[in-house]
Amino acid sequence: MLFAKILARTDSVKSLLECGANIGLNLRAIKQLLPSAELSAVEINRKAVETLEKFGYVKVYHQSVLDFSPDYVRDFILIKGVLIHLNPSVLPSVYRLLYQTSSRYICLAEYYNPTPVEIIYRGHADRLFKRDFAGELKKTYPDLRLIDYGFVYHGDPQFPQDDITWFLLEKTTR
C-alpha cells in the first residue's frame, strides 16, 4: 500500500493535511495507519466536502488550495493529483503554501516528466501538466531533502491507481 510505505519513512507524524482531498480515500487509508493523528483536508468540491464532513475525524476547509491560508502548521502535507491540474503560473504560490504549512514532511504524488509538458485532458488544453514538481520545490526551498520516492502503477493487482510518481521530502531546518 502506498501510504504504508511512505509513512514508514517518517517519524512522529501527529497531524496531516491533504490538499485536494476529494472524497477522502487517501485520508481513510491514512487513518488506518495513523489512528491518533489529527487529519485535515482542503477541498473545493462541495459534494466531496459533505462526504469528508461525515467522517467525523477530518477538519475540512471548503475552499481552493489557491485560496487556503493555514491556521497552523502540520507535521505532514500531502498533495496527490492536484498540481498536475494547476496552471504553471500559480505553482510558486502553491509551493510556498506547501512549504509554509509543513513543519516537517511534504509528500507530492503527481504525474512526472523531467521537463514541463502540457497534455490535452478530456479534449481541453490548459488542464493537465506534467513536470518535475518535487525538483522545482527542492530548488525553491533548498533545505528540503529527498527521503524517498517511488512509482505507483495502474496495473498493480492489489492496489491499482493512476500511474503517478511520489516524492517524500523533509525540511532539514525546522
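You'll find the structure just up there.
Residues numbered from 1 in each chain as written. Predicted model: local features only at pLDDT ≥ 70, side-chain atom pairs only at ≥ 80, totals over all residues. Heavy atoms only, no water.

Chemist: Is there a simple way to think about the layout of surface pockets in this case?
Modeler: A probe as big as a water molecule, rolled over the atoms, marks out the empty space that is left. In this structure, the largest pocket spans a volume of roughly 790 Å³. Lining the largest pocket are 28 residues, with Gly20, Asn22, Lys80, Gly81 and Val82 positioned closest to its centre. Only helix 2 (25-33) and strand 2 (38-43) provide two or more residues apiece to the lining of the largest pocket. (1 Å grid on protein atoms, 1.4 Å probe; cavity = no way out; pocket = protein on both sides within 12 Å on 5 of 7 lines; lining within 4 Å. Points joined across faces, edges and corners; volume = space filled by probe spheres on them. Helix = DSSP H or I, 4+ residues; strand = E, 2+ residues; numbered from the N terminus.)

Chemist: Would you take a moment to explain the pattern of salt bridges for this structure?
Modeler: Pairs may arise between side chains of opposite charge once their charged atoms sit close together. Following the criterion strictly, the structure yields nine salt bridges and no others. Note that Arg104 is salt-bridged to Asp11, the shortest N-O span being 3.9 Å. Separated by 93 residues along the polypeptide, Arg104 in strand 5 (residues 102-110) and Asp11 in the loop between helix 1 (2-8) and strand 1 (15-19) bring together distant segments of the chain. Here Arg104 ties to Glu170 by a salt bridge, and the two come within 2.6 Å at their closest N and O atoms. Of this pair, Arg104 sits in strand 5 while Glu170 sits in strand 9 (residues 164-171), placing them 66 residues apart in sequence. Exposure class is identical for Arg104 and Glu170. Each is buried. Residues participating in the shared-partner salt-bridge network are Asp11, Arg104, Arg145 and Glu170. (Salt bridge = Lys/Arg side-chain N within 4 Å of Asp/Glu carboxyl O. Buried < 20%, exposed > 50% of the residue type's maximum accessible area, 1.4 Å probe, protein only.)

Chemist: What should I look at first to understand the environment of Phe3 in this one?
Modeler: With respect to the helices, strands and loops of the structure, Phe3 is situated in helix 1. Here the alpha-carbon distance between Phe3 and Ala134, two residues 131 residues apart in the chain, equals 18 Å.

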